[in-house]
Amino acid sequence: MHRAPPIASPVTVLAAALLSTVSAAAFAAGAAKGAEDGRPVLVLGQYLAQMPPADGGADAQDETPPSPLRRRPGAPEIEPGAGPVEPVTRPGAVPPPSAAVPREFIPIPDRWRLVDALGVVQPRVYDPYNQNVLKGDKPIFGEDWFFLSELISDTIFEPRRVPTPTNLTVPSRAGELGSFGRNGQYLLNQTFITTFSLIKGNTAYKPPELEFRLTPVFNYNRLDVGENGIVNVNPEKGRVRDDGFVGLQEGFIDYHIHNVSDRYDFDSVRVGIQPFNADFRGFLFQDAQLGVRLFGNRDNNRWQYNIAYFRRIEKDTNSGLNDITQPLRQDDIYLANIYRQDFPITGHTSQIVYIHNENKEGDDQHYDQNGFLVRPAQFGDQRGHNYSVNYLGYNGDGHFGRFNLTSSFYFAFGEDSHNMFSPDSRKSADIRAFFAALEPSVDFDWIRVRLSGLYASGDGSPTNNTESGFDAIYENPIFAGADTSYWIRQAIPFIGGGLVSLSGRNGVLPDLRSSKDEGQSNFVNPGLFLAGIGADFDVTPELRVSTNFNYLAFDKTESLQLLRNQGHVSSSIGYDLSAAITYRPFFTNNLVFRLSGAILLPGQGLKDLYNTTNGYDVFSGGKFLYSVLANVILTY
């Protein structure tokens, strides 16, 4: 029968603690010495187990020593003398259940199947919000191959009033002899965009290792105008055109060359039809073209760079999509840019860009799909020309404290083989042109107030051998109201000066091109001055109201006077007023409704160009130009 141990005095307890500390220190020193001498060393538990009880009582010898094989309650008993269990290793397999692991922990093959194992979400193919194998939420095969699909329906209905020339040979109505006819039009445009990507890599936290992407686009458009000879060069085609087209906007391979830091700074190369924007707002070159592009970053993404070459693809005339069934254009683009974040101050990104555009289509005669000649342009002496132009620019985007600022500056210089207005057709012309744009803004809670300023130099001496009108390669500006603005959205034909437009569709420059999509750049143009103010109101998280007011004027009007053989044309284009409502009922971009309206109140310059003394005048009776844009976007 065991007796209860006597109660130790405080002195005894203190002595035992001191003895244990000294013994442990002595053991550590002895163990270190033994390791150096090569002698066997006992573990600390064995050393202390051999020590007599702290109280030194005789009854302690009667105590049964604890078993060295201890086990957790509920675990199977371990046989004495049994050795350690060797683990079974099978790469890629789920480890077998272990008695030492509670049943609450369920092993899974990889982290992507966690939601499936928990049974929280039931994946549905038609549901893009929750886990979906078609949206790249988990591998489609293997451990890091993902499939990403995107479907977009973009529907546009656009009534508008645009200056429209009269076909004097086959007028729409008897007795019309004026230069301008009925200018009411409407456009219905339905576009289905499909994107399919196959991606290798854990892209949640590092760049993809390999990507294959394909973006076919399906378009149907219907145009109804007020005069013959507008929708087609053949007046017998009438005033209504229905057209459909399938284009390829993306088709590339993206290969991740390597990472250059533990923060996944990288170098990659992309080959094929790919989108590219030369600056922040699409002023110079924003398109999807065939090319090869080397890109990457450094210093935790503070430095970013692009080096690229593009050969332009012909566009479908009525949809503006890439037409890969036609031969490539003889129009090459070489570019290099570099971005620096937090320069000159934190929160602002600066970019320097150099682009070289080499066009060798001077010997081409290219007709668009409606039968109109677009290369060479039908104005001046109507002779073809080649040009080699360089663009050197600086672009900035970000904020200085609470003030936001976007800026863009370009200097264009090069050579044009032939100035179509020059009396000396054998002599080439020098290109010297400038461009600048600024958009400062400031936020007041749910309101952002914007100012817009833009200057594109014009040519004041169109017949000499220096071309000083600035023109872009392919512009799509997000500026001063963008496609809400009448001036930017609509292509205004330059009637009486050849089959060219005063300004192109979705373009801000009055470059007098035959076609923005299929024509050549033209550096003999009037240039532009724009000053505007606008505001964005986030009324609710779902509803935004945007307004914009711009004043527009030509920089130089000599080229317009020469084309029209007109004595004087004022520089004032007029006032562009626009407003837009954007509604997102689900707080996301999966369903977006947009309704906008714009009017262009003509200045004296437009009245000089589009008013005549007979027939149906564009601005007679104080009329103005207008456009309405109703847009519905569905995204999966």
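Residue indices follow the written sequence of each chain, beginning from 1 at its first position. Two thresholds apply to this predicted model, a pLDDT of at least 70 for residue-level local features and 80 or more for giving and counting side-chain atom pairs, whereas whole-chain, interface and lining totals are computed over all residues. Side-chain measures here rest on the full set of heavy atoms in the structure, leaving out hydrogens and waters.

*Asks:* Sorry if this is basic, but what is going on with the overall build of the protein here?
*Replies:* The helix and strand inventory of the protein stands at 6 helices and 23 strands. For the exposure calls, accessible area comes from a 1.4 Å probe over protein chains only, and a residue counts as buried if that area is under 20% of its type's maximum, exposed if over 50%, partly exposed in between. The proportion of buried residues among the 636 residues of the protein is 43%. Here the analysis covers contacts within the protein between residues at least 6 apart in sequence; of these, 62% occur between residues at least 24 apart. To measure how exposed things are, a 1.4 Å probe is used in the Shrake-Rupley method; for residues, cover is taken only from the protein chains shown. Accessible area for the protein stands at about 32600 Å²; split by element, carbon and sulfur atoms hold 60% of it. Only DSSP runs of H or I covering at least 4 residues are called helices, and only runs of E covering at least 2 are called strands; the numbering of each starts at the N terminus. In what follows, residue pairs with any heavy atoms lying within 4.5 Å of each other are defined as contacts.

*Asks:* When you look at a nonpolar patch on the surface in this model, what are you seeing that I'm missing?
*Replies:* Nonpolar side chains (Val, Leu, Ile, Met, Phe, Trp, Tyr) are joined into patches within 5 Å and like charges within 9 Å, using only residues with over 30% relative accessible area and no salt bridge. By convention in these notes, a salt bridge is any Lys or Arg side-chain nitrogen within 4 Å of a carboxyl oxygen on Asp or Glu. A contiguous nonpolar patch, built from Leu451, Ile533, Phe549, Tyr575, Leu577, Leu601 and Phe624 and spanning about 560 Å² of accessible area, is present on the exposed surface. Position of Tyr575 relative to the elements: it lies in strand E21 (residues 572-583).

*Asks:* Quick question: what am I supposed to make of the confidence of the model for the protein here?
*Replies:* Regions with low pLDDT should not have their predicted coordinates read in detail. Taken as a whole, the protein shows an average pLDDT of 84; of its residues, 78% reach a score of 70 or greater. Note that residues 1-51 has pLDDT below 50 and, in this model, 18 contacts with residues that lie over four places away or in other chains. Confidence of the predictor at the level of single residues is given by pLDDT, which spans 0 to 100.

*Asks:* In this structure, what is going on with the environment of Glu415? I would like to understand it.
*Replies:* Along the chain, the position of Glu415 falls in strand E13 (residues 403-416). Along the sequence, Glu415 and Asn390 sit 25 residues apart, while their C-alpha atoms lie 9.1 Å from each other. When neighbours within four sequence positions are excluded, Glu415 is seen to be in contact with Asn386, Tyr387, Ser388, Ser428, Ala429 and Ile431.

*Asks:* What is the right way to read the pairing of strand E9 (residues 348-359) from this model?
*Replies:* As a general feature of sheets, a regular strand has side chains that alternate between the two faces. Most of E9 sits inside the fold, with 9 of its 12 residues counted as buried. In this scheme, strands are said to pair when DSSP sees at least two bridges between them. Pairing of strand E8 (residues 331-340) with E9 involves 10 bridges; the strand directions are antiparallel. Residue pairing across strands places Ile338 opposite Ile352, the latter belonging to E9. Judged from the 12 bridges that link them, E9 and strand E12 (residues 387-400) form a sheet pairing that is antiparallel. Its bridge partner lying in E12, Gln351 is registered against Asn395.

*Asks:* Which parts of the structure should I look at to understand the environment of Ala630?
*Replies:* Tracing the backbone shows Ala630 in strand E23 (residues 625-635). With relative accessibility at 29%, the residue Ala630 sits in the partly exposed group. Along the sequence, Ala630 and Leu188 sit 442 residues apart, while their C-alpha atoms lie 9.8 Å from each other. In this structure Ala630 touches Thr155, Ile156, Phe157, Arg594 and Leu595, once residues within four positions along its chain are discounted.

*Asks:* How should the nonpolar core be read in this particular structure?
*Replies:* Within soluble globular proteins, side chains that are nonpolar generally end up buried alongside one another. Ranked by size, the top nonpolar core spans 63 residues in total, and within it Tyr391, Leu454, Phe470, Leu502 and Tyr610 carry the most contacts. In this view, Leu502 contacts Trp487, Ile492, Pro493, Phe494, Leu509, Pro510, Asp511, Leu512, Phe554, Leu560, Leu606 and Tyr610; residues no more than four positions away in its chain are not counted. Residue types Ala, Val, Leu, Ile, Met, Phe, Trp, Tyr and Cys, when buried and joined through side-chain atoms within 4.5 Å, form a set referred to as a nonpolar core.

*Asks:* For this particular structure, what's the right way to read the side chain of His356?
*Replies:* As for its placement among the helices and strands, His356 is situated in strand E9. Throughout this description, a polar contact denotes any pair of N or O atoms lying within 3.5 Å of each other; where both atoms belong to protein, one of them has to be capable of donating a hydrogen while the other can accept it, and for residues adjacent in sequence the pair is counted only when both atoms sit in side chains. Separated by 3.5 Å, the side chains of His356 and Ser388 make a polar contact. Not counting residues up to four positions away in its chain, the partners in contact with His356 are Asp332, Ile333, Tyr334, Ser388, Val389 and Asn390.

*Asks:* Honestly, the packing of aromatic side chains in this entry has me stumped. Any pointers?
*Replies:* For any pair of aromatic rings, geometry is given as the distance between the ring centres together with the angle between the planes. Between rings of Phe, Tyr and Trp, where Trp is taken as its six-membered ring, a pair exists when centres lie within 6.5 Å; planes separated by under 30 degrees are stacked, by over 60 edge-to-face, and by other angles tilted. For the structure shown, the criterion picks out 20 aromatic pairs. Judged by centre distance (5.1 Å) and plane angle (55°), the rings of Phe283 and Phe435 are tilted. Note that Phe283 is positioned in the loop between strand E5 (266-277) and strand E6 (286-298) and Phe435 in strand E14 (residues 429-444), a separation of 152 residues in sequence. When its relative accessible area of 4% is taken as the criterion, Phe283 is described as buried. For the pair Phe285 and Phe310, a centre-to-centre distance of 5.8 Å together with 55° between the ring planes defines the contact as tilted. Separated by 25 residues along the polypeptide, Phe285 in the loop between E5 and E6 and Phe310 in strand E7 (residues 303-311) bring together distant segments of the chain. The exposure class assigned to Phe310 is buried, which follows from its relative accessible area of 0%. Ring pairs connect the aromatic residues Phe283, Tyr391, Tyr410, Phe435, Phe470 and Phe479, which therefore count as one cluster. The rule for a charge over a ring is simple: NZ of Lys or CZ of Arg within 6 Å of the ring centre, and within 35 degrees of the ring normal. Over the face of the ring belonging to Tyr474 we find Lys315, whose NZ or CZ atom lies 5.3 Å from the ring centre.

*Asks:* Please clarify how the pattern of salt bridges should be interpreted in this entry.
*Replies:* For side chains of opposite charge, pairing can occur when their charged atoms come near one another. Tallied over the full model, the rule gives 26 salt bridges. Between Asp483 and Arg594 there is a salt bridge, and its shortest N-O distance comes to 3.0 Å. Taken together, the residues span a long stretch of sequence, with Asp483 in the loop between strand E16 (466-467) and helix H4 (486-489) and Arg594 in strand E22 (residues 591-602) at a distance of 111 residues. On the basis of relative accessible area, Asp483 is assigned to the partly exposed category, the value being 23%.

*Asks:* Where do I start with the environment of Gly574 in this structure?
*Replies:* Along the chain, Gly574 turns up in strand E21. Discounting residues that sit within four places of it in the chain, Gly574 has contacts with Asn550, Tyr551, Leu552, Leu601, Pro602 and Gly603.

*Asks:* Honestly, the side chain of Asn221 in this entry has me stumped. Any pointers?
*Replies:* Of note, Asn221 is situated in strand E3 (residues 210-224). Not counting residues up to four positions away in its chain, the partners in contact with Asn221 are Leu187, Leu188, Asn189, Arg241, Asp242, Asp243, Asn318 and Ser319.

*Asks:* I'm lost on unusual backbone geometry in this one. Help?
*Replies:* Note: most peptide bonds trans; most residues except glycine with negative phi. Of note, the bond from Phe343 into Pro344 is cis; its omega dihedral lies within 30 degrees of zero at 5°. Omega for the bond connecting Arg375 with Pro376 falls within 30 degrees of zero, at 0°, which places this linkage in the cis form. The topology assignment puts Pro376 in the loop between strand E11 (373-375) and E12. Positive phi, normally seen in glycine, also occurs at Tyr264, with a value near 65°. Tracing the chain through its elements places Tyr264 in the loop between strand E4 (240-259) and E5. A positive phi angle, close to 55°, is found at Leu512, a residue other than glycine. Mapped onto the elements, Leu512 comes out in the loop between strand E18 (500-503) and strand E19 (528-538). On the accessibility criterion, Leu512 (1% relative accessible area) is buried.

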